[in-house]
Amino acid sequence: MNTPQSLFRPDLQSFSAYASAREEYTGKDAIFLDANENPFGKQNRYPDPLATELRLAIGKEKSLDPEKILLSNGSDEAIDLLVRIFCEPNKDTIVFCPPTFGMYKVAAKMNQVEVVEVPLKNNGASPAAKQLSISSSEACLTEKSWELDVNTLQQTTGKILFLCNPNNPTGNTQDPEVLKSILEVFPGIVVIDEAYIEFCAEESFLPFLERYPNLIILQTFSKYWGLAGARVGMCFANKKIIQMLRAFKAPYNVNALSQQAALQALEEKNQREKEKKQLLQERERIEIELKKNPFVQTIFPSKANFLFLQVKDADALYAYLKDNKVIIRNFHKKSGCDNCVRISVGSPGENNALLSLLQNFS
Ligand SMILES: *Cc1c(COP(=O)(O)O)cnc(C)c1O
């Protein structure tokens, strides 16, 4: 197997990174005349470039060595950084499995990196399954939908393979044994994006960082932790990869207010767990209500805080809801997603508004 180091962009390997003033002395009790800050004010100091206090707290929460953690300005920044440290423009390739999160492709395009798409197998929207859902009066739940195309993936090469688990927008998880079989044969880096992992019963792949040196895991404070506005992403990987990311990230990529907000969110975990329970109950309630609506054809089983469904006319539904100031995500134009929409689970009041609008629409 290739070591992660051998996969770095060759031209970056010998580069020594910019060391910010705040990285050289890490104590707090000195007179700081090293960074041209204004001595007055409340947010006058640069933040800790390595967010060490926050990394320690995350390490404790997840039983992980803080040296295997990099924090980013949202996962979006980590995705872009990963593409840049591993992929040579106009030479290397990334692989992902649509329909999935859009940022993998954006990061590739921005960096002139080729993309190879290995679509998920949508058994749920096959003609046979559709027939089934129409003939039974309720929308059907198809457990086998949106599985990875393992055979194709095992023959595909590239610098980075991005897998999203649970997947956005389809909401399903992949069999962990399948993920392991891919980790074992893929010649490059395998990134598992676990943005929604807290919402599902399946375990994170964090314990497998030891076993698979080519594994990188992304999580975020944007969903379960309720801090999308603060922009804090987490990247977990072996130390060599974390060192490389540190060397090329913007020095102060996670601001002081956001580091503080994330620390506080971790302290309020009991509250987050209560909110999660409520969200999952709400998801079930919406699902039951939506199933009764003849306009809804298929509701794909969700392991996250949203539902992905196929309706009779996604454009019409989207427009109707938007006219009534309820915004959902329309995937109708995406390949393999004919008439599919994604609906986030909101607060009980927001969900009631959605459901009552839907009662007047068919
Ligand atoms: C929401 C989401 C993220 C989080 O992105 P942030 O930049 O951390 O807000 C990452 N991956 C997926 C698949 C997501 O849906």
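Relevant structure appears above.
Residues numbered from 1 in each chain as written. Predicted model: local features only at pLDDT ≥ 70, side-chain atom pairs only at ≥ 80, totals over all residues. Heavy atoms only, no water.

Peer 1: Where do I start with the overall build of the protein chain in this structure?
Peer 2: Scanning the protein chain from N- to C-terminus turns up 13 helices and 13 strands. The C-alpha atoms of the protein chain give 22 Å as radius of gyration, which agrees with the globular expectation for 362 residues (21 Å, within 12%). In the protein chain, the share of contacts with a sequence separation of at least 24, taken over all contacts with a separation of at least 6, comes to 70%. Entry remark: accessible area of the protein chain is about 17,800 Å², with carbon and sulfur atoms responsible for 50%. (Helix = DSSP H or I, 4+ residues; strand = E, 2+ residues; numbered from the N terminus. Rg over C-alpha atoms; globule rule 2.2 N^0.38 Å. Contact = heavy atoms within 4.5 Å. Areas by Shrake-Rupley, 256 points an atom, 1.4 Å probe, with all protein chains shown as cover.)

Peer 1: Which parts of the structure should I look at to understand the site of the ligand?
Peer 2: The immediate surroundings of the ligand are formed by 13 residues, with Ser-75, Thr-220, Ser-222, Lys-223 and Arg-231 found nearest. In this structure, Ser-75 approaches the ligand through a main-chain N or O atom, which is 2.7 Å from an oxygen atom. Taking Asn-168, its side chain carries an N or O atom lying 2.8 Å from an oxygen atom of the ligand. Broken down by element, the shell around the ligand gets its largest block of residues, 3 residues, from helix α4 (residues 74–86). Class assignment for the residues of the shell around the ligand results in 4 nonpolar, 5 polar and 4 charged. (Near = heavy atom within 4 Å. Polar contact = N/O pair within 3.5 Å; in protein donor to acceptor, adjacent residues only side chain to side chain. Nonpolar A, V, L, I, M, F, W, Y, C, P; charged D, E, K, R; others polar.)

Peer 1: When you look at the pattern of salt bridges in this model, what are you seeing that I'm missing?
Peer 2: Any two side chains of opposite charge can pair if their charged atoms end up close together. Considering all chains together, one arrives at 19 salt bridges under this definition. The salt bridge partner of Arg-55 is Glu-67, with a shortest N-O separation of 3.7 Å. Placement of the pair is Arg-55 in helix α3 (residues 52–62) and Glu-67 in the loop between α3 and β1 (69–72), with a sequence separation of 12 residues. A relative accessible area of 4% means that Arg-55 is categorised as buried. Its salt-bridge partner being Glu-282, residue Arg-285 comes within 2.9 Å of it at the nearest N-O pair. Of this pair, Arg-285 and Glu-282 are both found in helix α11 (residues 269–291), 3 residues apart, which corresponds to roughly one turn of the helix. A relative accessible area of 9% places Glu-282 in the buried class. The network of salt bridges with common partners includes Arg-55, Glu-67 and Arg-246. (Salt bridge = Lys/Arg side-chain N within 4 Å of Asp/Glu carboxyl O. Buried < 20%, exposed > 50% of the residue type's maximum accessible area, 1.4 Å probe, protein only.)

Peer 1: Looking at this structure, I do not really get the nonpolar core. What am I missing?
Peer 2: A general trend in soluble globular proteins is that nonpolar side chains are found buried together. Ranked by size, the top nonpolar core spans 51 residues in total, and within it Leu-54, Ile-58, Leu-153, Leu-215, Phe-221 and Phe-236 carry the most contacts. When residues of this core are assigned to their parent elements, the largest contribution, 4 residues, is made by helix α10 (residues 256–267). Once residues within four sequence positions are removed from consideration, Phe-236 is found in contact with Ile-58, Lys-62, Leu-64, Lys-68, Ile-69, Leu-206, Leu-209, Leu-215, Ile-216, Ile-217 and Gln-219. (Core = buried A, V, L, I, M, F, W, Y, C linked by side-chain atoms within 4.5 Å.)

Peer 1: Explain helix α5 (residues 103–110) here, please?
Peer 2: Helical geometry: 3.6 residues make up each α-helical turn, so side chains three or four residues apart lie on a common side. Among all positions of α5, only Tyr-104, Ala-107 and Ala-108 are buried. Along the axis of α5, the buried positions cluster into a sector of 100°, meaning they face one direction only. Counted as exposed and oriented over 90 degrees from the buried face of α5: Lys-109 and Met-110. On the buried face of α5, the contacting elements are α4, β2 (93–96), β3 (114–117), β6 (160–164) and β7 (189–193). Where α5 terminates, the next one or two residues include Gln-112, which has phi positive at roughly 55°. (Arc of directions from axis to C-beta.)

Peer 1: Sorry, what's going on with the packing of α4 against α5 here?
Peer 2: Two quantities define a packed helix pair, namely the angle between the helix axes and the distance between the axes. Direction vectors running N to C along α4 and α5 enclose 45°, while the axes themselves pass 9 Å from each other. By the angle between their axes, α4 is oblique relative to α5. α5 is crossed by α4, and the crossing has right-handed handedness. Note on element contacts: α5 touches α4 through Met-103, Tyr-104, Ala-107 and Ala-108, opposite Asp-76, Ile-79, Asp-80 and Val-83. Of the residues in the contact of α4 with α5, the class split is 6 nonpolar, no polar and 2 charged. (Axes fitted to C-alpha atoms, helices over the stretch in contact; angles between N-to-C directions. Parallel < 35°, antiparallel > 145°, perpendicular 65-115°, else oblique. Left-handed = near helix turned anticlockwise from the far one by under 90°.)

Peer 1: Please explain the pairing of strand β10 (residues 296–300) as it appears in this structure.
Peer 2: One face of the sheet, then the other: side chains in a regular strand alternate in exactly this way. The buried fraction of β10 amounts to 5 of the 5 residues, a majority that puts the element mostly inside the structure. Relative to strand β11 (residues 306–311), β10 is paired through 4 bridges, and the arrangement is antiparallel. Each bridged residue has a counterpart across the sheet, and for Ile-299 the counterpart in β11 is Leu-309. Here β10 folds back onto β11 in antiparallel fashion, the turn holding 5 residues. (Pairing = 2+ DSSP bridges.)

Peer 1: How should I be thinking about the packing of aromatic side chains in this particular structure?
Peer 2: The geometry of an aromatic ring pair comes down to the distance between the two centres and the angle between the two planes. Summed over all chains, the structure comprises 17 aromatic pairs. Centre to centre, the rings of Tyr-196 and Phe-306 are 5.1 Å apart; their planes meet at 80°, and the pair counts as edge-to-face. Here Phe-306 lies in strand β11 and Tyr-196 lies in the loop between β7 and β8 (215–220), a separation of 110 residues in the sequence. Each ring, one from Phe-221 and one from Trp-225, has its centre 5.7 Å from the other, and the planes form 40°; the classification is tilted. (Phe/Tyr/Trp six-rings, centres within 6.5 Å; stacked < 30°, edge-to-face > 60°.)

Peer 1: I keep staring at the sheet that holds β1 and nothing clicks. Help me out?
Peer 2: Hydrogen bonds between backbone atoms are what pair the strands of a sheet, whose relative direction is either parallel or antiparallel. On the basis of which strands lie adjacent, the open sheet formed by 7 strands has the order β1-β9-β8-β7-β6-β2-β3 and mixed pairing. Among the strands making up the open sheet, the edge pair consists of β1 and β3. The mean angle between the axes of side-by-side strands here comes to 20°, regardless of whether they run parallel or antiparallel. Inspection of the sheet shows β2 paired to β3 by 4 bridges, in the parallel sense. Note that in β3 the partner of Thr-93 across the bridge is Glu-114. Contacts from α3 reach β1, β8 and β9 (233–236) within the one sheet, and its direction differs from that of β1 by about 120°.

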